[in-house]
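# Survey of secondary and tertiary structure
Each chain, letter by letter, is given below.
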Amino acid sequence: MKFLFDSDTWQEIYGSIRKNKVRTAITIIGVLWGIFLLVVLLGAARGMENGFNKLFGNFATNSVFVWTQSTDTPFKGFQEGRRFTLTMNDIDVLKSEYSDEIKLLAPRNQTNNLIIKDFKSGNFKVSGDYPILDQIQKKQLLYGRFLNQNDIASIAKVTVISEDMYKQLFDKDEFPIGQYIKINSISYKVIGVYKPSNTIDFDGDCAYVPFSTFRKVYNTANKVDWMMITAHEGTDIEQMESDVLLTLKGLHKVHPDDERAFGSVNLGKEIGKITGFITGMQFLTWFVGIATLIAGVFAIGNILLITVKERTKEIGIRRALGATPKSIRQQIVLESVFLTTVAGMLGIIFGSVVLFLIDMAFGQGEDAALINPTVNIPIILIAFVTLIVLGTLIGLIPAHMATVVKPIEALREE
Amino acid sequence: MIKIEGLHKSYPIGKDSLHVLKGIDLHIKEGEFVSIMGSSGSGKSTLLNIVGLLDGHDEGNYFLNGQLIKDLNEKKAAILRNKFLGFVFQSFNLISYKTALENVALPLYYKGMARKERLKVALDYLEKVGLKDWANHLPNELSGGQKQRVAIARALVTKPKVVLADEPTGALDSTTTDSVMDLLKDINNEGMTVFVITHEEEVAEQTKRIVRLKDGVIISDEFTNAAKAI
């Protein structure tokens, strides 16, 4: 290892590199491009992943939504095309039957209504909800609070409205909490203002009122429009989805193979598709990056091989002057390692700069396509070490070629 | 210093082999100034390569400085070359991207001498061949005679036992030939064994002993007038 710290060793390498400036530069660019691509692609993939994660950020990703449609198979004396609705009874049955799997179950009723505040008005969605909605889809509150159990129990006429509704219905600088708005000619007290999620959102601008109040005001009795279910961690959510649907089919006298009667969306499955896509993309990134790296390293080996061939005579002279095969080998391998190291470092630096620029261009603001396009330092270190190891291995080939020729033959070479 | 007994060497050419050296016996003592004469194909370069440990031999014994040379691996050969032998080639064989000084210092690098020290030693030898002012010039900025003098300085810098010169004047005109030969004579006068290969009579006559080779055997071995004069 002593030779590594010998200034003469480096002098020799500098000498031979200086002799072939253009070729050295091209070689370096080959490897540089490889590691540059790896860094940028990995960073971009990470940025996309972060972007998707942010998209799902406010939502419990293990959620299933269920609603009713119309049957497509006659069953138990009913004709096909029958319409029916979910009921509170379904909710109770599911809650007791799937207590191990279901973490939260939120029945929901929704309608559209004109909402009036003094002389301002607008048509908005009104949603009867339980407080647990906040746990399934986190509400970012600007003022006040979300619905609570007391509101349900006391059938309170209170509502939580969105920021846009607030801006549309209220004067500027008017404090909303405690004010009254009219929904369908009934006054509700505003208890909170929320900022709608700019990611996945099924409600949009919506006035949330207590489920019990909605039921009473709109006379929905036991009817439930649709429900959101979230599972406990570790539950097979697809299995749960089909079990729940089967139970519901039994409760509503629907043929077990009826495909149309219930509509459902499994958010976990949808997200799985996208994460699968991201995983695939990352794999592709690694594959392309590493393949490019290897190509670059081979280019270095190739160039060194040509260099060695061209320097056969010089190597012969050196050996006549007393260079041992080992010292020749060392010099060539070190040259290879040196070139790969320099190229690798430059590639990482350029890659980081480009990631920085990508971040500046696409990574800022609310609707950023790529968020925090970064690469883990350990990954970079692994790539770097791999590069150096490959550089050493590939350098061994020309090094061997350089010493396999007898000095006499090397000297004869013109 | 160099003792050769019954040396044979043949090169394979296709399926046949070319018998180049057919039993050479030669004894060169320390301090001698010997020239090997012969037309091309006589085997003189092969002999020099074997003596210079650049090539192996097939049969016979070769003693260098009393040491039997047999089954040398490349590493041992490199060390022996560095320690005992200095080479001067017809085509100079200087390394083109190194200055005259660096070229002279190169054997010392392989000997393991520190940079400062070896540059100092190399400069001394350049001064000895009269090229101190050209130390930082690249070989292509030097004339043929200057290049050969740099090569001689490089051959001498490790204080070898024997200087082997393969047609040292082959690429030079008569004036520079004389200056190079004068230099070799000076070296010999200082006690160094010098072993020259040439096909020029004028060059051979300036040495002290002429060995004539023909078709792989020695046909004559005699001391010259130059030797008798001393």
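Here the structure is shown first, and the text comes after it.
Within every chain, residues take consecutive numbers counted from 1 along the sequence as written. A letter from A marks each chain and a number from 1 marks each ligand, given out in the order of writing. With pLDDT at 70 or above as the cut-off, local features in this predicted model cover only qualifying residues; side-chain atom pairs require 80 or more to be listed or tallied, and sums for whole chains, interfaces and linings still use all residues.

Here the focus is the overall build of chain A. What counts as a helix is a DSSP run of H or I of at least four residues, what counts as a strand is a run of E of at least two, and both are numbered from the N terminus. When helices and strands are counted, chain A shows 13 helices and 12 strands. Counting all 414 residues of chain A, 37% fall into the buried class. Contact criterion: two residues are in contact if their C-beta atoms, reconstructed from the backbone, are within 7 Å. Expressed as a percentage of contacts within chain A between residues at least 6 apart in sequence, the contacts between residues at least 24 apart total 81%. Whether a residue is buried, exposed or partly exposed follows from its count of other C-beta atoms within 10 Å of its own C-beta, namely 20 or more, 12 or fewer, or something in between, respectively; the C-beta atoms are built from the backbone.

Here the focus is the overall build of chain B. The helix and strand tally for chain B stands at eight helices and 10 strands. In chain B, which comprises 230 residues, the proportion classed as buried is 47%. Taking as baseline every contact in chain B between residues at least 6 positions apart, the subset at least 24 positions apart corresponds to 68%.

This part is about unusual backbone geometry. Residue and element names in this part refer to chain A. For A221, which is not glycine, the phi dihedral falls at a positive 50 degrees. Relative to the helices and strands, A221 is located in the loop between α7 (211-218) and β10 (223-224). For A221, a count of 10 C-beta atoms within 10 Å translates into the label exposed.

Here the focus is the sheet that holds strand β8 (residues 193-198) of chain B. Residue and element names in this part refer to chain B. For two strands to be treated as a pair, DSSP must find no fewer than two bridges joining them. Pairing is mixed across the open sheet formed by six strands, whose spatial order is β6-β7-β8-β3-β9-β10. Each edge of the sheet is formed by a strand with only one pairing partner; in this case those strands are β6 (85-88) and β10 (217-223). Each strand of the sheet is rotated relative to its neighbour by a mean of 15 degrees, with strand direction disregarded. Here strand β3 (residues 33-37) pairs with strand β9 (residues 209-214) via four bridges, running parallel. Axis angles are defined between N-to-C directions and span 0 to 180 degrees, where every axis is a line fitted to C-alpha atoms and, for a helix, only to the segment in contact.

Turning our eyes to something else, we now look at the packing of helix α3 (residues 100-111) of chain B against helix α5 (residues 144-156) of chain B. All names here are of chain B. Between α3 and α5, whose axes approach to 7 Å, the crossing angle comes to 30 degrees. In terms of orientation, α3 lies roughly parallel with respect to α5. The crossing of α3 and α5 is right-handed. Of the residues in α5, those touching α3 at A100, N103, V104, L106 and P107 are V150, A153 and R154. Side-chain classes follow a simple rule in which Ala, Val, Leu, Ile, Met, Phe, Trp, Tyr, Cys and Pro form the nonpolar group, Asp, Glu, Lys and Arg form the charged group, and the remainder, Gly included, forms the polar group. Taken together, the residues of the contact of α3 with α5 break down into six nonpolar, one polar and one charged. If an angle is under 35 degrees, it is roughly parallel; if it is over 145, roughly antiparallel; if it lies from 65 to 115, roughly perpendicular; otherwise it is oblique. Crossing handedness is defined as follows: a turn of the near helix away from the far one that is anticlockwise and smaller than a right angle gives a left-handed crossing, while the clockwise case is right-handed.

A few words on the interface of chain B and chain A. Think of interface size as the accessible area that goes away when the parts come together; that is how it is often given. Opposite the 20 residues of chain B that make contact, chain A presents 20 residues. If you list the elements that add at least two residues to the side of chain B that touches chain A, you get α2 (74-84) and α3 of chain B. Tallying contributions element by element places α2 of chain B first for the side of chain B that touches chain A, with six residues. Residue classes in the side of chain B that touches chain A are distributed as 10 nonpolar, three polar and seven charged.

The subject of this paragraph is the sheet that holds strand β5 (residues 67-68) of chain B. All names here are of chain B. With antiparallel pairing, the four strands of this open sheet are ordered in space as β2-β1-β4-β5. Strands with a single pairing partner mark the edges of an open sheet, and in this sheet they are β2 (16-28) and β5. In this sheet, strand β4 (residues 59-64) lies alongside strand β1 (residues 2-13) in antiparallel orientation, the contact comprising five bridges. Looking at β4, one finds that H8 is bridged to E59.

Turning our eyes to something else, we now look at the pairing of strand β6 (residues 158-162) of chain A. Residues and elements named next belong to chain A. With five of five residues buried, β6 is to be regarded as a mostly interior element. In this sheet, strand β8 (residues 186-195) lies alongside β6 in parallel orientation, the contact comprising five bridges. Opposite S162, over in β8, you have Y194 as the bridge partner.

It is worth spelling out the nonpolar core at this point. In summary, soluble globular proteins display a tendency toward joint burial of nonpolar side chains. The nonpolar core is taken to be a set of buried Ala, Val, Leu, Ile, Met, Phe, Trp, Tyr and Cys residues joined by way of C-beta atoms within 7 Å. One finds I35 of chain A together with V104 and V163 of chain B to be the most contacted residues of the largest nonpolar core, which totals 114 residues. Of the residues forming this core, the biggest block, 13 residues, is contributed by helix α2 (residues 21-55) of chain A. If we ignore the near neighbours within four places in the chain, the residues touching V104 of chain B are A122, Y125, L126, V150, A153, R154 and V157 of chain B. Counting 46 residues, the second largest nonpolar core, distinct from the first, contains I161, Y166, F214 and M228 of chain A.

Time to look at α7 of chain A. All names here are of chain A. Of all the residues in α7, the buried ones are F211, T213, F214 and V217. Viewed along the axis of α7, the buried residues span an arc of 160 degrees, placing them on a single side of the element. Of the surrounding secondary structure, the elements contacted by the buried residues of α7 are β3 (102-117), β4 (120-129), α5 (149-153), β8 and β9 (206-210). Phi for N219, located one or two positions after α7, is positive at around 55 degrees. Arc, as used here, means the arc of the directions from the helix axis to the C-beta atoms.

Below, the discussion takes up the packing of helix α9 (residues 267-310) of chain A against helix α12 (residues 377-404) of chain A. Residue and element names in this part refer to chain A. Two elements in contact, α9 and α12, have axes whose closest approach is 9 Å; the angle formed by their N-to-C orientations is 25 degrees. Judged by the angle between their axes, α9 and α12 are roughly parallel. In this structure, the crossing between α9 and α12 has a hand that is right-handed. In contact with L293, I294, V297, F298, I300, G301, L304, L305 and V308 of α9, α12 contributes L387, L390, G391, I394, G395, I397, P398, M401 and A402. Residue composition of the contact of α9 with α12, grouped by class: 15 nonpolar, three polar and no charged.

So, on to helix α4 (residues 115-128) of chain B. All names here are of chain B. A helix is expected to reach a length of 1.5 Å times the quantity of its residues less one. The terminal C-alpha atoms of α4 lie 20 Å apart, and with 14 residues this matches the ideal 20 Å at 1.5 Å per residue to within 8%. Every buried residue of α4 is listed here: R118, A122, Y125 and L126. Buried residues of α4 fall within an arc of 105 degrees about the axis and therefore sit on the same side. The outward face of α4, more than 90 degrees from its buried face, is lined by the exposed residues K116 and E117. Of the surrounding elements, those touching the buried residues of α4 are α3 and α5. Looking one or two places after α4, you find G130, whose phi comes out positive at around 75 degrees.

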